[in-house]
Amino acid sequence: MANPSIIAQKEQFVNELAEKLQKAQSVIMFDYRGLTVAEDTELRAAMRKADVEYVVVKNSMMERAVVKEGIHESVHEMLKGPSAFAISYNDAVAPAKILKETVKKLKKCEIKGGIVNGKVTDAAGIDALAELPPKEVLIARMLGSMMSPIRGLAVALDQIAKKNGAPAAEAAE
């Protein structure tokens, strides 16, 4: 018969994992086999620097947490073999980028898939996520495209003012 205190501890752990899943913008699942201690330490340091939590938990515990959060979909297939999890609360792209870079550099480990903003994503989806430009670049592009029509209007008004013979500054008044 199972010890009630151990069952309570496991239930609390599953609840904590479920809470992490709920707060996370992304959870990337990967097979960490083949990493040396030094490589794993380097990976953990890169994740810590990017404010990404690296955890290794039993697949059964993660599966219970996923079920508890109602995300179960196809996660069961990803939770086969040794699994580690990169959890990011602030930047959905950071763990994908770090893991893709690590896999490319070391030619070890394998991204299994993940959960991004509550939706299950396969390894190809995580790979596509890792290809996204940094947040700052996306914001700059968006602002640039927003400014383009305004800039076009200003040029057109300037052209009209010059055509009418008035300096641009006077036409604006």
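In this report, we go over the structure that sits alongside the text. (Residues numbered from 1 in each chain as written. Predicted model: local features only at pLDDT ≥ 70, side-chain atom pairs only at ≥ 80, totals over all residues. Heavy atoms only, no water.)

## Some words on the pairing of strand S1 (residues 26-31)
Burial analysis of S1 places six of its six residues in the buried class, the great majority of the element. With burial as the criterion, each face of S1 is covered, one bearing Ser26, Ile28 and Phe30 and the other bearing Val27, Met29 and Asp31. The sheet contact formed by S1 and strand S3 (residues 84-88) spans five bridges and is antiparallel. Residue pairing for S3: Val27 is matched across the bridge by Ile87. (Buried < 20%, exposed > 50% of the residue type's maximum accessible area, 1.4 Å probe, protein only. Helix = DSSP H or I, 4+ residues; strand = E, 2+ residues; numbered from the N terminus. Pairing = 2+ DSSP bridges.)

## Section: the environment of Asp31
Tracing the backbone shows Asp31 in strand S1. Note: C-alpha distance between Asp31 and Lys163 (132 residues apart in sequence) is 67 Å. Aside from chain neighbours lying at most four places away, what touches Asp31 is Pro82, Cys109, Glu110 and Lys112. Here Arg33 takes part through its side chain, which lies 2.6 Å from a polar atom of the side chain of Asp31. (Contact = heavy atoms within 4.5 Å. Polar contact = N/O pair within 3.5 Å; in protein donor to acceptor, adjacent residues only side chain to side chain.)

## A closer look at a nonpolar patch on the surface
Where nonpolar side chains cluster on the molecular surface, the patch consists of Ile139, Met142, Leu143 and Met146 and spans about 380 Å² of accessible area. Counting through the fold element by element, Met146 comes out in helix H7 (residues 135-163). For Met146, a relative accessible area of 49% gives the class partly exposed. (Patch = residues over 30% accessible without salt bridge, like charges linked within 9 Å, V, L, I, M, F, W, Y side chains within 5 Å. Areas by Shrake-Rupley, 256 points an atom, 1.4 Å probe, with all protein chains shown as cover. Salt bridge = Lys/Arg side-chain N within 4 Å of Asp/Glu carboxyl O.)

## Some words on the packing of aromatic side chains
For any pair of aromatic rings, the description rests on two quantities: the centre-to-centre distance and the angle between the ring planes. Using the criterion set out here, one finds one aromatic pair in the structure. Arranged with centres 5.6 Å apart and planes meeting at 70 degrees, the rings of Phe30 and Tyr54 form a pair that is edge-to-face. Note that Phe30 is positioned in strand S1 and Tyr54 in strand S2 (residues 52-55), a separation of 24 residues in sequence. Looking at Phe30, the relative accessible area reads 1%, which means it is buried. (Phe/Tyr/Trp six-rings, centres within 6.5 Å; stacked < 30°, edge-to-face > 60°.)

## Things to note about the packing of helix H1 (residues 4-23) against helix H3 (residues 59-69)
In the contact formed by H1 and H3, the axes pass within 8 Å of each other and the chain directions differ by 60 degrees. The angle between H1 and H3 places the two elements in the oblique class. Once H1 is placed against H3, the crossing between them reads as right-handed. For the pair H1 and H3, the contacting residues are Lys10, Glu11, Phe13, Val14, Asn15, Leu17, Ala18, Leu21 and Gln22 in the first and Met61, Met62, Arg64, Ala65, Val66, Lys68 and Glu69 in the second. Taken together, the residues that form the contact of H1 with H3 break down as nine nonpolar, two polar and five charged. (Axes fitted to C-alpha atoms, helices over the stretch in contact; angles between N-to-C directions. Parallel < 35°, antiparallel > 145°, perpendicular 65-115°, else oblique. Left-handed = near helix turned anticlockwise from the far one by under 90°. Nonpolar A, V, L, I, M, F, W, Y, C, P; charged D, E, K, R; others polar.)

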